[in-house]
Amino acid sequence: MQTIGKQAIPVMLIGAGEAGSIILQEFKNSKFVEKEIVCVIDDDPKKWGTFIHGVPVVGGRRKITQSVVRFGIQEIVLAIPTLKPHERKNIINICQQTGCKMSTLPGIYQLINCDVKVSMLRDVQIEDLLGREAVRTDLESIMSYVKDQKVMVTGGGGSIGSELCRQIADDQPKQLIIIDNYENAAYELQMELGRKHPELDVIVLIVSVQNRRKIREIFEQYKPDLVFHAAAHKHVPLMEDSPHDAIKNNVFGTFNIAKEAGMSGVKRMVLISTDKAVRPTNIMGASKRICEMVIQYMNSLYDTEYVAVRFGNVLGSNGSVVPLFKKQIANGGPVTVTHPEIIRYFMTIPEAVSLVLEAGAYAEGGEIFILDMGEPVKILDLAKNMIRLSGLTPGEDIEIQFTGLRPGEKLYEELLIDEENKKETKNKRIFIGSPRMMETEQFSELIAELDHAAFSEDPNIREVVKRLVPEYTYKQTNQ
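Residues numbered from 1 in each chain as written. Predicted model: local features only at pLDDT ≥ 70, side-chain atom pairs only at ≥ 80, totals over all residues. Heavy atoms only, no water.

Chemist: Requested: an account of the overall build of the chain, with residues and values cited.
Modeler: Secondary structure summary: the chain contains 16 helices and 22 strands in total. Expressed as a percentage of its 479 residues, the buried residues of the chain come to 53%. Pairs at least 24 residues apart make up 76% of the contacts formed inside the chain by residues separated by at least 6 positions. When the accessible surface of the chain is summed, it comes to about 22,100 Å², and 50% of that surface belongs to carbon and sulfur atoms. (Helix = DSSP H or I, 4+ residues; strand = E, 2+ residues; numbered from the N terminus. Buried < 20%, exposed > 50% of the residue type's maximum accessible area, 1.4 Å probe, protein only. Contact = heavy atoms within 4.5 Å. Areas by Shrake-Rupley, 256 points an atom, 1.4 Å probe, with all protein chains shown as cover.)

Chemist: Please give an account of the packing of aromatic side chains that cites residues and values.
Modeler: Following the criterion strictly, the structure yields four aromatic pairs and no others. With a centroid separation of 5.0 Å and an interplanar angle of 25°, the aromatic rings of Tyr472 and Tyr474 are classed as stacked. Members of the aromatic cluster, joined through ring pairs, are Phe252, Phe255 and Phe455. (Phe/Tyr/Trp six-rings, centres within 6.5 Å; stacked < 30°, edge-to-face > 60°.)

Chemist: I'd like a description of the packing of helix α11 (residues 283-299) against helix α16 (residues 461-468), backed by residues and values.
Modeler: Where α11 meets α16, the axes come as close as 10 Å, and the angle between the chain directions of the two elements is 45°. Comparing their axes, α16 and α11 come out oblique. Classified by chirality, the crossing of α16 by α11 is left-handed. Residues Ile283, Ala286, Ile290 and Met293 of α11 pack against Arg462, Val465 and Leu468 of α16. (Axes fitted to C-alpha atoms, helices over the stretch in contact; angles between N-to-C directions. Parallel < 35°, antiparallel > 145°, perpendicular 65-115°, else oblique. Left-handed = near helix turned anticlockwise from the far one by under 90°.)

Chemist: Go over the pairing of strand β12 (residues 268-274) with me, naming the residues and quoting the values.
Modeler: For β12, the buried fraction is high: seven of the seven residues fall into the buried class. The alternating pattern of β12 places Arg268, Val270, Ile272 and Thr274 on one face and Met269, Leu271 and Ser273 on the opposite face, and all of these are buried. Of the strand pairs in this sheet, strand β11 (residues 226-229) and β12 are connected by four bridges, and their pairing is parallel. Within β12, the position partnered with His229 by the bridge is Leu271. Where β12 and strand β13 (residues 305-311) come together, seven bridges link them in parallel fashion. Paired with Met269 across the bridge in β13 is Tyr306. Note on the crossover from β12 through α11 to β13: the handedness is right-handed. (Pairing = 2+ DSSP bridges. Right-handed = clockwise from strand over helix to strand, strands pointing away.)

Chemist: Can you lay out the sheet that holds strand β22 (residues 430-433) for me, pointing to particular residues and giving the numbers?
Modeler: Strand order in this open sheet of nine strands is β10-β9-β8-β11-β12-β13-β18-β22-β21, and the pairing throughout is mixed. Where the open sheet ends on each side, the last strands, each with one partner, are β10 (202-206) and β21 (423-424). Relative to strand β18 (residues 368-371), β13 runs parallel, the two being bridged by three bridges. Looking across to β18, one finds that Arg310 is bridged to Ile370. Against the sheet, helix α10 (residues 243-263) touches β8 (150-154), β11, β12 and β13, its axis set at about 165° to β12.

Chemist: Break down helix α14 (residues 379-389) for me, citing the residues and quoting the values.
Modeler: For α14, the buried fraction is high: nine of the 11 residues fall into the buried class. Residues Ile379, Leu380, Leu382, Ala383, Asn385, Met386, Ile387, Arg388 and Leu389 constitute the buried set of α14. Of the residues one or two after α14, Gly391 is the one with positive phi, at around 80°.

Chemist: Kindly report on the side chain of Arg462, identifying the contributing residues and their values.
Modeler: Its place among the elements puts Arg462 in helix α16. Within the local environment of Arg462, its side chain forms a polar contact with the backbone oxygen of Glu240, the two atoms lying 2.8 Å apart. (Polar contact = N/O pair within 3.5 Å; in protein donor to acceptor, adjacent residues only side chain to side chain.)

Chemist: Any details on the confidence of the model for the chain? Residues and values, ideally.
Modeler: Detailed reading of the predicted model is not advised wherever pLDDT is low. Per-residue pLDDT for the chain averages 86, and the proportion of residues at 70 or more is 87%. Within the model, pLDDT remains below 50 along residues 1-5, and this stretch shows 12 contacts once partners closer than five positions in the same chain are excluded. (pLDDT = per-residue confidence, 0-100.)

Chemist: So what's going on with the nonpolar core? Which residues, and what values?
Modeler: With 52 residues, the main nonpolar core has Ile247, Ile290, Val294, Ile447, Leu450, Val465 and Leu468 as its most contacted residues. The residues touching Ile290, leaving out its near neighbours within four places in the chain, are Val251, Ile447, Leu450, Val465, Leu468 and Val469. With 40 residues, the next largest nonpolar core counts Val146, Leu189, Phe369 and Ile430 among its residues. (Core = buried A, V, L, I, M, F, W, Y, C linked by side-chain atoms within 4.5 Å.)

Chemist: Give me the lowdown on the pairing of β22, citing residues and values where you can.
Modeler: Side chains Ile430 and Ile432 of β22 all project onto a buried face; the interleaved residues Phe431 and Gly433 project onto the opposite face, where all are buried too. When β18 meets β22, the two strands line up antiparallel, connected through four bridges. Bridge pairing in β22 places Ile368 opposite Gly433. Pairing of β21 with β22, which is carried by two bridges, proceeds in the antiparallel orientation. Note that in β22 the partner of Lys423 across the bridge is Ile432. Adjacent in sequence and paired antiparallel, β21 and β22 are bridged by five residues.

Structure representation (structure tokens):
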């Protein structure tokens, strides 16, 4: 319905099904909607030339670009909740070329609940462009080992840690112990969990995982059953400049947590690892590979079941490329990409965390679980798509600048080394890798050497790291 004294914005509707019909009716009936749907696109030839609530169905997706020009379209609404991800991606890619603003319905559950409204429309998000099914997890197996347990999450205020806490809170633990050294993030999470789960016993402790004495006291006092270790320094270029701190926090923070977990009789400890641990070219990745080795080492010493879960980048996590691009676009550009050919594996934060929890359910001790991240994404394409999703044109409205690979950065990441023969689990998106084990005595000697190198600020610390991780490659520096 057009508003008096103001020209309504012409809108294209994609989808002449039930959801599209409801959206169209709402547009017509609502006096608050300052937009008018003037044409409908649908791939069903039987609907071409027909009308829905007086609006013509002008053709299939091949008619999108032509119809945008013909009807002066400024916005496009995608209203097919049942669309497969690769089909959704295909249609969004066509729409992006038109420069129109886009919005979409969240998903099929809206139809199941008969809950389709204009208010349900949301901006098209970068997740819509992954072009694959959302990862499904076995929620029952997760629930069964978290329910009524005392669960500790380190780094609980971070992107992964906080989502771990949210999903664990949903599974009715006996107690949730959150450890973080950054008070603001931990406070926000404490408030959120208090609102959503007022019945849950949540303990929030501000402490560094490097503080051995305090960590020991916490384990002795709270006696957790399960530990998820997400605390880590993860920013690759910053860690290249501060290698000693990367080792202190990542390796010896993990060592402290793992040792106390074993000493206090924790049933299971899950380390959050990264694809950057595979053939690392930076100190952050090398430190996480040593963390995996710590887990395997501790598994040989204690009854606790120690496992690690390795995955790639998560969309929207702190310090990741998506929030950076959003800020750069909001500021009018330029959007900075390190290299035109750089690629990364991506997963949404809830997907990654659900798989971490499920992998934890499969744990028997000593495994490195590897998450199948789907097809890798070219960061340049990601940048262009995000610019288009903002209704702007790459290279015209927003410039893209190439800044060069940063110290320790790869063009591509791997989830497996060739010799890590992967085994399948019940979930086809979770595999078990078998990375090489080091002799316990040799590892014990080298970790002691690394401890001394890190805390004495030894300028040759990278050489010590390489003795632990022979596949680690780095450029000589003056540090």
